[in-house]
Amino acid sequence: MNTPIVHPSDVAFTASVKAQQTRMGSRRAYSHMEDSQGWPTTITPELEQFITARNSMYLATANAAGQPYIQPRGGPPRFLRVLDEHTFGFADFAGNKQYITLGNIQENSKAHVFLMDYAHRRRIKIWGELSAVEGDATLNARMKPEGYKARVERVMLIKITAWDVNCPQHIPMKIDADDVTAALATRDARIAELEAELARLRASE
């Protein structure tokens, strides 16, 4: 008996999805992708750089009934920390105390992450397993963003199953307000410098 070949992308390309790809004419291309490079399953240096540069993420879970829930999470750059080539996560602080994500993973640990770089119109999708670690002071200290005053309630860890990079189509270009402020400050400083130089030249005439 031939054992079916399992590809990392099977986490998303179920039999039902593959049937729709066949019906719509894209199955051949994805089959070639599966048999060649496939989707990565580890955190490469390039992915680590992308993860740690983010100041926000979208985290999706689902309960035992299959009801999905998407939660935005954010913080300063490096609020997401890579622990090893399979795992990254973040320090979890007190929020609105609904604990939907925390409750969902008690029933269903599967999770999905969207990482968006709006300025460069890049999106990375990550499939994995989500877990919560409570009471680990060493891990809390390692994951807590520098200078953040709130108490860490737990650490949320995502163990990667597979990941993929999406095309930039329909991703709007957006620039963070902090980056705009910094760029304007640099411009204003340069203008002030040039105006002072111009004033000196006029005074020397």
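Note that the structure is a prediction, hence the values are computed from the model and not measured.

A. Helix α3 (residues 45-53), seen in detail. Here α3 has its buried residues at Leu47, Phe50, Ile51 and Thr52. In this structure, the buried side of α3 is in contact with β3 (80-84), β4 (87-93), β5 (110-117), β6 (122-133) and β7 (152-166).

B. Spatial organisation of the sheet that holds β7. Reading across from one edge, β2-β1-β5-β6-β7-β4-β3 is the order of the seven strands in this open sheet, with antiparallel pairing throughout. The sheet is open, and its two borders are formed by β2 (68-74) and β3, each paired with just one other strand. In this sheet, neighbouring strand axes are inclined to one another by 35 degrees on average, regardless of whether the strands run parallel or antiparallel. On top of the sheet, α3 reaches β3, β4, β5, β6 and β7; it is set at about 150 degrees to β3, its chief contact.

C. Focus on helix α4 (residues 100-107). Looking at α4, one finds that the buried residues are Thr101, Leu102, Asn104 and Ile105. For α4, the buried positions fall inside an angular range of 160 degrees around the axis, keeping them on one side. Away from its buried face, by an angle of more than 90 degrees, α4 presents the exposed residues Gln106 and Glu107. Lining the buried residues of α4 we find β1 (56-62), β2, β6 and β7.

D. Molecular detail of unusual backbone geometry. The residue Arg78 is not glycine, and still its phi comes out positive at about 80 degrees. Residue position: Arg78 is located in the loop between β2 and β3. Phi at Tyr99 is positive, roughly 55 degrees, even though this residue is not glycine. By the secondary structure assignment, Tyr99 is in the loop between β4 and α4. Residue classification places Tyr99 among the partly exposed residues on the basis of a relative accessible area of 38%.

E. Examining the pattern of salt bridges more closely. Evaluated as defined, the whole model comprises 10 salt bridges. With a shortest N-O distance of 2.9 Å, Glu134 and Arg154 are connected by a salt bridge. Of this pair, Glu134 sits in the loop between β6 and α5 (137-143) while Arg154 sits in strand β7, and the two are 20 residues apart along the sequence. Put simply, Asp188 and Arg187 hold a salt bridge, and the shortest N to O gap is 2.8 Å. For Asp188, a relative accessible area of 39% puts it in the partly exposed group. A network of salt bridges, in which partner residues are shared, links Arg73, Asp92, Glu134, Glu153 and Arg154.

F. Region of interest: the pairing of β2. Pairing of β1 with β2, which is carried by seven bridges, proceeds in the antiparallel orientation. In the strand pairing of β2, Leu59 is matched with Gln71. Linkage of β1 to β2, two consecutive antiparallel strands, is achieved through a turn of five residues, within which Gly66 is found at a positive phi near 90 degrees.

G. Molecular detail of the packing of helix α1 (residues 15-24) against helix α2 (residues 27-35). Look at α1 against α2: their axes get within 7 Å of each other, and the N-to-C directions meet at 130 degrees. Classified by the interaxial angle, the pair formed by α1 and α2 is oblique. Of the residues in α2, those in contact with Lys18, Gln21 and Thr22 of α1 are Arg27, Tyr30 and Glu34. Tallied by class, the residues present in the contact of α1 with α2 amount to one nonpolar, two polar and three charged.

Reading the values: rules and limits
Residues numbered from 1 in each chain as written. Predicted model: local features only at pLDDT ≥ 70, side-chain atom pairs only at ≥ 80, totals over all residues. Heavy atoms only, no water. Buried < 20%, exposed > 50% of the residue type's maximum accessible area, 1.4 Å probe, protein only. Helix = DSSP H or I, 4+ residues; strand = E, 2+ residues; numbered from the N terminus. Contact = heavy atoms within 4.5 Å. Pairing = 2+ DSSP bridges. Axes fitted to C-alpha atoms, helices over the stretch in contact; angles between N-to-C directions. Arc of directions from axis to C-beta. Salt bridge = Lys/Arg side-chain N within 4 Å of Asp/Glu carboxyl O. Parallel < 35°, antiparallel > 145°, perpendicular 65-115°, else oblique. Nonpolar A, V, L, I, M, F, W, Y, C, P; charged D, E, K, R; others polar.

By themselves, these are just geometric observations and shouldn't be taken as functional.
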